[in-house]
Amino acid sequence: MGIDIEKISTLNLNESAIISYGGTAKVYRTMGDDFCYKKYKKTLGIETRNIIKENLTNLSNTNCPHYLVTPDTIYLDEEGNLQTQKMLYIDGTTGYRQFHQESIEHKTKIIDKLTELVMRITKLEYIVTDLKLNNLLWDKKYNFFAIDHDFTFYHTVPDEVGKLIKTNKNVRTYNDLFGELKPEYNLYRLYFILARMLISIDEYNLVHSIKLNKKNIREDKMLKTLNYFIQKNRSIPQQLKMQMRNLFTGNQEIIFDKNMKKDLLIYSKRKKASL
C-alpha cells in the first residue's frame, strides 16, 4: 500500500474551506473535492509530529482495511516535519448528538454497524487509542468508518510513544485497570460509546455538562454518572450492565461478542415498538 510523502513549504488552504476543528488540527475541504486535508496547528510539537508521521507510515504498510480511513499523502515542511495529511473525504455524520437525532430504526442500524466495525478492528489487532463516536463516521447508507488515526497502532504500542499517549485520559484509566494497551482496549471503549448512545439525550446532556477543574476528576465523574444511568435503566440488557461494572474494577476479561450485540439489537427494537 504505502503512503506518498511530499515536501512542501506552503500548502494553500483557504480558511473558508474549514469543515472541522480539533484540539491539534483543522480539517479543510474544497466543495466538490473528493479529498480533505488535515493541517496541524503550529502549537503541536515537533516530537509529536514525528511520532505521528512514523505511525501513519507504519499503518500504511499494513493491510489496512478501507474502513480505517488513513491518508494517502502526507506533506512535510522544509525541515521534514509533518505539516498536513490528505485523505479521502467521506460524506457522513458523526457524534452523539447526531446519533440522538436519528429515528429509533436508524439508531438500531447504527448500533449494529458500529459494534461490527469495532469487533472487526479488534480481531485484526489494531489499537485505536482515540476511539470515540466523534471519530466514527456513518454515511447515508449507514456504513461505518473510523477516522483520525494519528495514534492508531498495529498489534502493539511502541515503547517510545507509550508515555505520550497516556495524556489521553481514557488510555490512562485503562492502563490503571488492565495494564498495557492491547487490541481489547477497543472493546473497553465500545462499552462507553454504547453507554452514551443508550441513555436518553437529557441524561447525555447531564453527563456532558459535568465540569470540574481538578486534573482527571471530570472524566472519572462522567464515567461514574454514565454507569449510574445504565445501571438504573431496568430494560437495558443485564449482561451489558454487569460488564460495565466489571470495567470499573479491572478484574474481568474484556469481552464483547455476538450475543451481547444480539441483546442490544433486541433491546433497541423493543424500544422502537414501545413508542
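Bear in mind the structure is a predicted one, so any value in this text is a computation, not a measurement.

Draft legend 1. A look at the nonpolar core. Residues Leu114, Leu136, Met197, Leu240 and Phe256 are the most contacted members of the largest nonpolar core, which totals 68 residues. Counting residues per element, this core draws most heavily on helix 6 (residues 185-198), which supplies eleven residues. Excluding anything up to four places from it in sequence, Met197 contacts Tyr96, Phe99, His100, Ile110, Ile111, Leu114 and Leu133. Residues Ala25, Tyr40, Ile52 and Ile74 belong to the second largest nonpolar core, which totals nine residues.

Draft legend 2. Summary view of the sheet that holds strand 10 (residues 144-146). Read from one edge of the open sheet, three strands run 7-9-10, paired in antiparallel fashion. Among the strands making up the open sheet, the edge pair consists of strand 7 (92-94) and strand 10. The mean inter-strand angle of the sheet, taken between neighbouring strand axes irrespective of direction, is 35°. Both strand 7 and strand 9 (residues 136-139) contribute to a ladder of three bridges, which runs antiparallel. The partner of Gly92 across the bridge, within strand 9, is Asp139. Of the strands in this sheet, strand 9 and strand 10 touch helix 3 (residues 104-123), which is tilted by about 40° from strand 10.

Draft legend 3. Representation of the pattern of salt bridges within the structure. Tallying each qualifying case throughout the model produces nine salt bridges. Notably, a salt bridge pairs Asp130 with Lys132, separated by 3.9 Å at the nearest N-O pair. Each of Asp112, Glu116, Lys258 and Lys261 takes part in salt bridges that share partners, so that together they form one network.

Each value, and the rule that gives it
Residues numbered from 1 in each chain as written. Predicted model: local features only at pLDDT ≥ 70, side-chain atom pairs only at ≥ 80, totals over all residues. Heavy atoms only, no water. Core = buried A, V, L, I, M, F, W, Y, C linked by side-chain atoms within 4.5 Å. Buried < 20%, exposed > 50% of the residue type's maximum accessible area, 1.4 Å probe, protein only. Helix = DSSP H or I, 4+ residues; strand = E, 2+ residues; numbered from the N terminus. Contact = heavy atoms within 4.5 Å. Pairing = 2+ DSSP bridges. Axes fitted to C-alpha atoms, helices over the stretch in contact; angles between N-to-C directions. Salt bridge = Lys/Arg side-chain N within 4 Å of Asp/Glu carboxyl O.

Such coordinate-based values are descriptive only and should not be taken to indicate function.
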